[in-house]
Structure formats: structure tokens, C-alpha cells
Amino acid sequence: MTYAITQTCCNDATCVAVCPVNCIHPTPEERAFGSTEMLHIDPRACIDCGACADACPVDAIFPVDSLSAGQREYADINAAYYEGEEPLPVGDEVDGPNFHVWGEPAFERSLPSDFGPLRVAVVGTGPAGMYAAQDLLLHTAAEVTLIDRLPVAGGLVRYGVAPDHPATKKVGDTFSRFHSHPRVRMHLGIEVGRDVTAEELSAHHDAVIYAVGASTDKRLGVPGEELPGCLSATAFVAWYNAHPEAVAQGVDLSAERVVVVGNGNVALDVARILVADPEALAATDIAAHALDALRASRVREVVVLGRRGPEDAAYTRSELLALKHVPGVELVVDDHDPRTPAAIDAAGAGDRAAVLKGLARVRTDVASPTDGERRIVLRFHSEAVEIQGGGGGVRSVRVTDGGGGGTADLGAGLLLRAIGYRGLPVPGLPFDEASGTVPHEGGRVAGLPGSYVVGWIKRGPSGGIGANRTCAAETVGTLLADAVAGELPAPTGDAKAFRRLARQRNRRVVDARGLAAIDRAERDRGRRDGRPRVKLATVEELVATARSGRLLRLTR
């Protein structure tokens, strides 16, 4: 028996580090790492020890013989990755006590024996920020100040992962153990540029790492984009994940068809949530207001527009495979353009388009969706060129139809654009408008000694949760090298002075005890409803719960 990595692979390579036979690839040292959709286990070398499954932070690794019907394809995906390659020597083939051939040891960091503790602020508590904090806490004596503009920690894990992907959210458990670390001080609800300046942060810390992500979206640039009913997927995801800045009643689901522009994983996420069984979602941590709206929803069809062909789609094979197994939802391909079926038919076994083989091929009815079960229509070689209004909102979407320059009007009451994220400027830091990132060298902010970036604000909106681990390792490595070289500016204030400053500027700061109170309250609410948690959805609720829980503990 062998193990296989499945859909929720986060690519953070924790499994690689514990594998005794080097059967998981690509490793962080290999060129392909970061460019593959997921990691893969070589079934020829796997010894069935289960170390990778134990270490996986997102429960993505299972024995092949325990895979469900919807997951069995992942065994083939893992095996196909190694087709045509010679297996690494193992066991008796190795001249030595190890299970496999090891590369030359490399020690990328070297800290002097008298290296003193640093005080480092990390702005942002999503995966990028927490991987950086984890690196500092586990490998140095640093004291870390965690800062977030929201009164609750989690970032992308809490507000970006779809609620029906609970395994992916488990990486948050790994991060949460550092929230109460004795060398961590937490200041949630503090925004750089509003409550404190970048200069003030630097004045109270040896170094500052900005992990603020890419919080806005790209625009379509077509007529009608400002109509009510034309939203970003960013806003929709925030809405169903109970983000405090999302409008609770801001999404109208009264139309039978929704058009999603874009064909990345986010586009598939929002399409799936729109037509999924609300009662299945009721067992997740989806926002209560979103669950109510989906229960009353009239949406039966979601058309996903891809500008290019199926061979060039941006989604991962694993996400598309999962979409084929959503109960009660039919996945079909619109064959309006002859290039689409041709590409699918010609696809090789390992090609992305091959996943679409066997799906029904239809022509999307331009007036309304067909009768019957709910469905998701993948429409390639098609762009939205105009959004047409009527009745105070979106009435239809004009799209390109075929390769001859024609157009068709798809009746729809909601359009979601999912064509990419974009970073926003951080007050006090340089900003590249073209890329939406902060200019840097190995994570070091250009022209600002002691300031660093990590995650999407550093490299742009690419890579999933696990990609931030190697990104954070690079940034922390640069920071430590600067510290050893004596290139960090000396702070003028200490941790207590910063705590006083933060609370003077914002009386509603949430600390680690307040965050723990929020977590308890949400889990308690969830237990009453038979759910993992029911999220508090407003800043006021979060702050009040943090305060009441903290005061209750102090009076016991």
C-alpha cells in the first residue's frame, strides 16, 4: 500500500521534511517546487510509514486504499507525475544506514553564538505573516509583535478559504499555537497608516515584516461594471466567510443564472458555493447571513467564463476534479467555440484539459438556464464585453461567441469578476503600481533598512497557502543576515512603550486573551447549532466578545 496526496495539498513541504525515503517531490530544493499544482508521492518508493500523513497540516494525505470514490483519481495523479523517471535507490540499494541517498548538507543560516534576541513586528496574521513569525520563534530567540488591522487573527485562512474546505483551514491550528507563545505580543485591530505609522513601528522594533497581502481585485474595464449586481469575487468570498467589512445583506441571489468571469481556483470556489446544497454548507463555518441567503437562493446555473481555452485554464486539476463530484450539481462544457472540444479531445492523460473528457457538452441557452438540476457551465474562449442593466441591476452579460467575432447576451442577475487580486500601498512604504507590490531585494524593502515584506505584497498574488513558507524563509533569512551584519537601525522605544502607544491610538485593541475569548464564543455558538463554529461577523461583535471574555477571566 502507498499513500497519495489529494486535493487540499498546501505545498508547504512539511511532508517532505519527514519522509524517510525521499519519495515526495518536488522538494523545496528542486526547480519545479512552487510551479507544480501540488506535491506528489512516488508509489514505487513509498514504504507506507505514514509520517507524511501525520505531519500534513491540512489532512491532504491518505492511504490509497482508503480513498473515497471522488478521491481515487489522485492515486493516478501521484503516480503519473513519476512516469518515465527512474526511482531513487532505496533500501539495500543504498550503501549506508539511510533509507535513501541524501544530498550534500547545506546551512543557509549561521548565527553567532552571542546573537541577541531581536524584537520584530509582523504586520498581518495570515499565512505569510504567521510562517514568518513561526520561523523566528522556532529558530531564534526573537520577540514577536503580531499586528492586524482586524480585531481577529487568521487573514486568508479565516476569510479566504471556502467553508466547504475545512481540511485546508486546519493549517490555522498550526498557526494559532503561536498566538499565546510567551515571546509573542498581539495587537489586533491596529492599522498601519490609521493608528500607527510605519516610522513609529520601526522606532519600537529592530525590524518590521509586512505581510498585508493583496486585498483588492482587478477590474474588467467594460461598460456596465459599476451596476448593482456586478461584484468582485473578493467581496463575495468575504461575504460568505463573515468578513467584518462585508455587507451582511449585500448579495442578491434572486436570479437563476450567475456569470463568473475568470477560471482560476477562486472562480471555481464561488461557482461551487453558489450551487452547493445549503444543508451541506450548514455543517461548515459559513457566515450565518450567507447560509440564510443561499437557502432562499434561486440560482440554478453558474456560467464560468474563460478567456483562453481549456488547455490554458488557471485552475488546478485538483480543484476541477473536486468540482466533478459535488452532489446534485452537474458540470458541463459549453462547446460554442470549436476550439474547445478539439482541445479536450486532443488532451493527453496528464494535461489539464483531459479532466474535462466525458463531461456533457452543451450550448448555453442565451435566455435562461435549462430546467433540471443545478449546474456549472465552463465556457472557454469567451470574454465579457459589456454588462447590461435593467430593473436596478444586472440583466444580462454580453460575451464573445465563437472565434468569428460574434457576441451573445447571457441573461444573468449577478456577475462576479474573479480575474485576480492586487496589493494596495502601505503608507510609509514604496509601492510599484504596475505590479501591486512593494519593491524589495530578497524581502528587504528598497530604501528602508529594517523593513521587510512577505507573501503577496512581496511577490504578487501567486501561490497558495504553503508557498508562503518558503517565501517567509527567504525574508527571515535576509532579516537575520542584516542583523548579523549590524545593518538594522536601533529602536528608540521598547515593547511596553509600543503597547501604550497602540492603546492610546485605539482603545479597542484585542490581545491574545481577547482572541481566545472570540474563539471560545464562536465555538460555543457552533456547538449549539451543530457546526464547527459560528463566526462573529462585525467589528463590534468581535471587540465586545474579546472584552467580555477577558474581563470574565480576570474576575475569576
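Here, every reference points to the structure presented above.
Rules and cut-offs
Counting restarts for each chain: residues are numbered from 1 in the order of the written sequence. In view of the model being predicted, local features appear only for residues whose pLDDT reaches at least 70, and side-chain atom pairs are presented and counted only at 80 or more, with totals across whole chains, interfaces and linings using the full set of residues. Side-chain numbers here rest on the full set of heavy atoms in the structure, without hydrogens or water. Here a strand is any run of E in DSSP of at least two residues, a helix any run of H or I of at least four, and the numbering for each starts at the N terminus. Throughout, radius of gyration means the C-alpha value; the globule benchmark is 2.2 Å times the number of residues raised to the power 0.38. A simple rule labels every residue: compare its accessible area, found with a 1.4 Å probe on the protein chains alone, to the largest value its type can have, and call it buried under 20%, exposed over 50%, or partly exposed in between. Exposure above 30% relative accessible area and the lack of any salt bridge qualify a residue for a patch; like charges then connect within 9 Å, and the nonpolar side chains Val, Leu, Ile, Met, Phe, Trp and Tyr within 5 Å. Exposure was quantified through the Shrake-Rupley algorithm and a 1.4 Å probe, taking into account, for residues, occlusion by the shown protein chains and nothing else. Whenever a carboxyl oxygen of Asp or Glu lies within 4 Å of a side-chain nitrogen of Lys or Arg, that contact is scored as a salt bridge. Charged-residue counts in this description rest on Lys and Arg as positive and Asp and Glu as negative, His and the chain ends being excluded. The location of each charge is read from NZ of Lys, CZ of Arg, CG of Asp or CD of Glu. In the analysis that follows, any N or O atom pair within 3.5 Å is treated as a polar contact, provided that within protein one partner can donate a hydrogen and the other can accept it, and provided that, for residues neighboring in sequence, both atoms belong to side chains. Pairs of residues are marked as contacts when any of their non-hydrogen atoms sit within 4.5 Å. Arc definition: it is the arc formed by the directions from the helix axis to the C-beta atoms. Buried residues of nine kinds, namely Ala, Val, Leu, Ile, Met, Phe, Trp, Tyr and Cys, make up a nonpolar core once their side-chain atoms join them within 4.5 Å. In this description, strands pair whenever DSSP reports at least two bridges between them. Structural elements are reduced to axes, namely lines fitted to C-alpha atoms, with helices fitted over the stretch in contact, and the angle between N-to-C directions of any two is expressed from 0 to 180 degrees.

Asks: Honestly, the overall build of the protein in this entry has me stumped. Any pointers?
Replies: Scanning the protein for helices and strands turns up 19 helices and 23 strands. Taken over the C-alpha trace, the protein has a radius of gyration of 25 Å; the compact-globule value for 556 residues is 24 Å, and the two agree within 12%. Counting only C-alpha atoms, the protein reaches 70 × 65 × 50 Å along its principal axes. Expressed as a percentage of the 556 residues in the protein, the buried residues total 52%.

Asks: What am I meant to see in a negative patch on the surface here?
Replies: Judged by side-chain charge, Glu 29, Glu 30, Glu 85 and Glu 108 come together as a negatively charged surface patch. Position of Glu 30 among the secondary structure elements: in the loop between strand E2 (24–25) and strand E3 (40–41).

Asks: Please clarify how the side chain of Asp 195 should be interpreted in this entry.
Replies: Tracing the backbone shows Asp 195 in the loop between strand E7 (184–188) and helix H8 (198–203). In terms of polar contacts, Asp 195 uses its side chain to reach the side chain of Arg 194, at 2.7 Å. Leaving out residues up to four positions away in the same chain, Asp 195 has contacts with Gly 189, Ile 190, Arg 505 and Asn 506.

Asks: Got a minute to help me understand helix H14 (residues 339–346) in this structure?
Replies: In an α-helix, one full turn covers 3.6 residues, which means residues spaced three or four apart are oriented alike. Those residues of H14 not exposed but buried are Thr 340, Pro 341, Ala 343 and Ile 344. Down the axis of H14, the buried side of the element spans an arc of 160 degrees, and every buried residue falls inside it. The outward face of H14, more than 90 degrees from its buried face, is lined by the exposed residues Asp 345 and Ala 346. Next to the buried residues of H14 lie strand E13 (329–334) and strand E14 (360–362).

Asks: Would you explain the nonpolar core in this entry?
Replies: The nonpolar side chains of soluble globular proteins are, as a tendency, buried together. Counting 119 residues, the largest nonpolar core has Ile 24, Ile 209 and Tyr 240 as the members making the most contacts within it. In this structure, Ala 121, Ile 190, Val 192 and Ala 502 belong to the second largest nonpolar core, which totals 21 residues.

Asks: Could you clarify how one ought to interpret the pattern of salt bridges in this entry?
Replies: Between side chains of opposite charge, pairing is possible as soon as their charged atoms come close. Inspection of every chain in the model, using the stated rule, returns 40 salt bridges. Across the pair Lys 170 and Asp 59 runs a salt bridge, and its minimum N-O distance is 2.5 Å. Highlighted residues: Lys 170 in the loop between helix H6 (166–169) and helix H7 (171–176) and Asp 59 in the loop between helix H2 (51–55) and strand E4 (61–63), separated in sequence by 111 residues. Lys 535 serves as the salt-bridge partner of Asp 285, at 3.8 Å between the closest nitrogen and oxygen. Note that Asp 285 is positioned in the loop between helix H11 (278–281) and helix H12 (288–295) and Lys 535 in the loop between helix H18 (512–529) and helix H19 (539–555), a separation of 250 residues in sequence.

Asks: Any chance you could explain the side chain of Thr 140 here in plain terms?
Replies: Inspection of the secondary structure assignment puts Thr 140 in the loop between helix H4 (127–139) and strand E6 (143–148). Among the residues examined, Thr 140 registers a relative accessible area of 13% and is labelled buried. The residues contacting Thr 140, other than those within four sequence positions of it, are Leu 111, Asp 135, Arg 183 and Leu 480.

Asks: I tried to follow helix H10 (residues 265–275) on my own but got confused; where do I start?
Replies: Here H10 lies mainly inside the structure; 9 of its 11 residues are buried. Taken together, the buried positions of H10 are occupied by Ala 267, Leu 268, Asp 269, Val 270, Ala 271, Arg 272, Ile 273, Leu 274 and Val 275.

Asks: Help me understand the environment of Ser 396, please; the structure alone is not making it clear to me.
Replies: Among the secondary structure elements, Ser 396 is positioned in strand E17 (residues 393–401). Here the alpha-carbon distance between Ser 396 and Asp 409, two residues 13 residues apart in the chain, equals 6.1 Å. Among residues more than four places away in sequence, those in contact with Ser 396 are Glu 386, Ile 387, Gln 388, Asp 409, Leu 410, Gly 411 and Ala 412. A polar contact of 2.4 Å, which involves the side chain of Ser 396, links it to the side chain of Gln 388.

Asks: How should I be thinking about the sheet that holds strand E18 (residues 406–411) in this particular structure?
Replies: The strands making up a sheet associate through backbone hydrogen bonding, with each pair oriented either parallel or antiparallel. A sheet is described by the order of its strands in space; here 3 strands give the open sequence E16-E17-E18, paired in antiparallel fashion. Sheet topology places strand E16 (384–390) and E18 at the edges, where each strand pairs with a single neighbour. Adjacent strand axes in the sheet meet at a mean angle of 30 degrees, parallel and antiparallel pairs treated alike. Relative to E18, E17 is paired through 6 bridges, and the arrangement is antiparallel. Among the inter-strand pairings, Asp 401 is bridged to a residue of E18, identified as Gly 406.

Asks: I'm lost on the sheet that holds E14 in this one. Help?
Replies: Pairing within the open sheet is parallel, and its 7 strands lie in the order E10-E19-E11-E12-E15-E13-E14. With partners counted over all chains shown, the strands left at the sheet margins are strand E10 (230–232) and E14, one partner each. Between one strand and the next, the sheet's axes are offset by a mean angle of 25 degrees, whatever the strand orientation. Bridge analysis of E13 against strand E15 (residues 374–379) gives 6 bridges, and the strand direction is parallel.

Asks: Could you clarify how one ought to interpret unusual backbone geometry in this entry?
Replies: The phi angle of most residues is negative, glycine excepted, and most peptide bonds adopt the trans form. With omega at -5 degrees, the peptide bond leading from His 25 into Pro 26 counts as cis. Residue position: Pro 26 is located in the loop between E2 and E3. Phi at Asn 11 takes a positive value of approximately 65 degrees, unusual for a residue other than glycine. Assignment of secondary structure puts Asn 11 in the loop between strand E1 (3–5) and helix H1 (14–18). In the Ramachandran plot, Asp 59 falls in the positive-phi region, its phi being about 50 degrees despite a non-glycine side chain. With relative accessibility at 31%, the residue Asp 59 sits in the partly exposed group.

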